[in-house]
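Here's the letter readout for the chains.
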Amino acid sequence: MIDSHCHLNDLQYKDDLKFVVNNFLSYGIEKAICVGWDYEFSLKAKEIANTYPCVYYSIGVHPDDCANYNEKEIEELIKSSILDKNSKLVAIGEIGLDYFHNEQNKDEQKRVFISQIELAKKYNLPIIIHCRDAYGDTLDILKQCSSYLTKVVFHCYSGSLEYAKVLIKMGIKISFTGTVTYKNAVNIQNVAKNIPLDSMFFETDSPYLTPVPNRGKRNEPKNVADIIKFVADLRGISADELIAISDKNAKEFFKLD
């Protein structure tokens with residue numbers, strides 16, 4: 001199993017990171033991608049990936065942090081990471097738009113989003129998208145950049161089935177978190193039940209969005225197993241079958257060893 005999006009660089013893990021990593025390995029989670037959301041935490045993601053063989057990482061600036069975006073600084077980190085022997089940098093992200101937390105800086109968010117898409121193209125890396133309450137503008141930017149888009153995944157998908165179908169036609173992947181297991185998440189469950197299996201990944205977004213049956217506790221990569229089992233039950237297939245498909249999807253997308 002692969003946790004395609006987690007935040008082992010979050011301060012919630014500062015005292016027991018080694019335990020958390022060993023714990024998810026013991027649960028059969030083979031690999032995890034530690035995702036950056038600003039310069040410092042992208043640097044921390046790199047450090048963690050270089051410490052643990054099972055961890056890979058991404059570099060990016062989240063829309064909530066776009067005021068601190070420095071393109072040159074981020075590009076230098078990308079370049080130095082690529083030059084590392086056996087580099088474990090697998091994507092640019094998480095990047096995108098978030099109008100739930102801030103609608104006052106839409107133009108700045110768009111500028112930073114496009115800048116990072118261009119960096120992903122320049123260095124031939126996939127992008128991990130964060131999108132909240134900004135589906136129209138996100139799609140417009142993706143269409144605007146379609147001539148040079150690298151591979152794209154929508155992390156923590158919460159949109160409609162109709163929107164997902166538009167994304168899939170563009171070759172974009174969909175990633176599900178523990179929110180799909182929540183009782184009131186009928187819309188997300190409908191997406192998980194109906195999109196092609198080769199379009200989906202699974203992630204914990206840990207330490208956030210803990211799936212049922214552990215909701216309310218700190219999330220960890222080990223819990224990706226609960227998310228996969230839930231969706232497998234939705235689809236009427238075995239968890240083993242879905243694990244094999246989603247692992248193949250993630251390995252090909254992120255070029256994991």
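The present account deals with the structure reproduced in this document. As the structure is a computational prediction, the values presented were derived from the model and not from experiment. (Residues numbered from 1 in each chain as written. Predicted model: local features only at pLDDT ≥ 70, side-chain atom pairs only at ≥ 80, totals over all residues. Heavy atoms only, no water.)

Moving on to the overall build of the protein chain. Regarding its fold elements, the protein chain presents 9 helices and 8 strands. For 257 residues, the compact-globule formula gives about 18 Å, and the C-alpha radius of gyration of the protein chain, at 17 Å, lands near that figure. Principal-axis analysis of the C-alpha atoms gives the protein chain an extent of 45 × 40 × 30 Å. Evaluated residue by residue, the protein chain yields a buried proportion of 57% over its 257 residues. (Helix = DSSP H or I, 4+ residues; strand = E, 2+ residues; numbered from the N terminus. Rg over C-alpha atoms; globule rule 2.2 N^0.38 Å. Buried < 20%, exposed > 50% of the residue type's maximum accessible area, 1.4 Å probe, protein only.)

A few words on the pairing of strand 4 (residues 89-98). Burial within strand 4 is extensive, with 10 of its 10 residues counted as buried. Judged from the 3 bridges that link them, strand 3 (residues 55-59) and strand 4 form a sheet pairing that is parallel. By the bridge assignment for strand 4, Tyr-57 is matched with Leu-89. Note that strand 4 and strand 5 (residues 127-132) share 5 bridges and pair parallel. Residue Gly-96 lies in a different strand from strand 5, and its bridge partner there is His-130. Regarding the hand of the β-α-β motif, the stretch spanning strand 4, helix 4 (residues 106-122) and strand 5 is right-handed. (Pairing = 2+ DSSP bridges. Right-handed = clockwise from strand over helix to strand, strands pointing away.)

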